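Observations on chain architecture
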Amino acid sequence: MSSLIVDDSNCRNRGSHIEAYCIALNSSLIDFSEALHSIRNEAVKEGELADALDAFMECIDVLMDELKTIGSTIDERADNFIDSIDEADQELY
């Protein structure tokens, strides 16, 4: 019979680590977005490239908001997973 061993602290730490990574990535995306907006406003005034930059910047701006949510959700789900395991195996440990 095989057994499943879950390292509670490792799972919780992974969730926190991923959330911190998403926050750092979001910060980088903010810098990138600001650079793109600067290029668009100061260097690329009109034309197909300007239109393409506008569309790309919209995607980047949406992704920035999503990263915070993704990181927070992963951290919460890691904690909930451990809580569910603890509740299910309360008679074993």
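Structure report, in brief. Counting starts from 1 at the beginning of each chain's written sequence and moves along it residue by residue. Local features are withheld for residues below a pLDDT of 70 in this predicted model, meaning they are given only at 70 or higher, and side-chain atom pairs are given and counted only at 80 or more; totals for whole chains, interfaces and linings count all residues. The side-chain numbers reported here are obtained from all heavy atoms of the structure, hydrogens and water having been left aside.

Another point: the packing of helix H1 (residues 8–42) against helix H2 (residues 48–88). In contact at an axis separation of 9 Å, H1 and H2 are set at 170 degrees when each is read in the N-to-C sense. Viewed along their axes, H1 and H2 adopt a mutual orientation that is roughly antiparallel. For the contact of H1 with H2, a count of residues per class yields 22 nonpolar, 7 polar and 12 charged. Structural elements are reduced to axes, namely lines fitted to C-alpha atoms, with helices fitted over the stretch in contact, and the angle between N-to-C directions of any two is expressed from 0 to 180 degrees. Helix and strand definitions follow DSSP, with helices as H or I runs of at least four residues and strands as E runs of at least two, each counted in order from the N terminus. An angle below 35 degrees is read as roughly parallel, one above 145 as roughly antiparallel, one from 65 to 115 as roughly perpendicular, and any other as oblique. Residues are grouped as follows: Ala, Val, Leu, Ile, Met, Phe, Trp, Tyr, Cys and Pro are nonpolar; Asp, Glu, Lys and Arg are charged; all remaining types, including Gly, are polar.

The geometry of an aromatic ring pair comes down to the distance between the two centres and the angle between the two planes. Each aromatic pair joins two rings of Phe, Tyr and Trp (for Trp, the six-membered one) with centres within 6.5 Å, and gets the label stacked for planes under 30 degrees apart, edge-to-face for over 60, and tilted for any other angle. Considering all chains together, one arrives at 1 aromatic pair under this definition. Seen from their ring centres, Phe32 and Phe56 are 6.1 Å apart, and the 85 degrees between their planes marks the pair as edge-to-face. One end of the pair, Phe32, is in helix H1; the other, Phe56, is in helix H2, and 24 residues separate them in sequence. Think of it in three bands: residues with accessible area under 20% of the maximum for their type are buried, residues over 50% are exposed, and the middle band is partly exposed, with areas taken using a 1.4 Å probe on protein chains only. The class of Phe32 is partly exposed, set by a relative accessible area of 37%.

All right, on to H1 then. The terminal C-alpha atoms of H1 lie 51 Å apart, and with 35 residues this matches the ideal 51 Å at 1.5 Å per residue to within 8%. All of the buried residues along H1 are Gly15, Cys22, Asn26, Leu29, Ser33, Leu36 and Arg40. We call two residues in contact when some of their heavy atoms are within 4.5 Å. Tucked inside the fold, the buried residues of H1 contact H2. One less than the residue count of a helix, multiplied by 1.5 Å, gives the span that helix is expected to have.

Counting 10 residues, the largest nonpolar core is built from Cys22, Leu29, Leu36, Val44, Ala50, Leu53, Met57, Ile60, Met64 and Leu67. Among the elements of the structure, H1 and H2 are those that each provide at least two residues to this core. A total of 6 residues in this core trace back to one element, the largest contributor, which is H2. Those residues in contact with Met57, other than ones at most four positions away along the chain, are Leu36, His37 and Arg40. What makes a nonpolar core is a set of buried Ala, Val, Leu, Ile, Met, Phe, Trp, Tyr and Cys residues whose side-chain atoms join them at distances within 4.5 Å.

This next bit is on the pattern of salt bridges. For this analysis, a salt bridge means a side-chain nitrogen from Lys or Arg found within 4 Å of a carboxyl oxygen belonging to Asp or Glu. Evaluation of the coordinates by the stated rule reveals 1 salt bridge. Close ionic contact of Arg40 with Asp54 constitutes a salt bridge, the shortest N to O distance being 2.8 Å. One end of the pair, Arg40, is in helix H1; the other, Asp54, is in helix H2, with 14 residues separating them in the sequence. With relative accessibility at 16%, the residue Arg40 sits in the buried group. Given a relative accessible area of 26%, Asp54 falls into the partly exposed group.

Like charges within 9 Å and nonpolar side chains (Val, Leu, Ile, Met, Phe, Trp, Tyr) within 5 Å are joined into patches, using only residues over 30% in relative accessible area that form no salt bridge. To be clear on the numbers: accessible area is Shrake-Rupley with a 1.4 Å probe, and residue cover counts the displayed protein chains and nothing else. Among the surface-exposed residues, Ile18, Ile70 and Ile74 lie close enough to one another that they form a single nonpolar patch of about 200 Å² accessible area. Among the secondary structure elements, Ile74 is positioned in helix H2. Residue classification places Ile74 among the partly exposed positions, given a relative accessible area of 32%.

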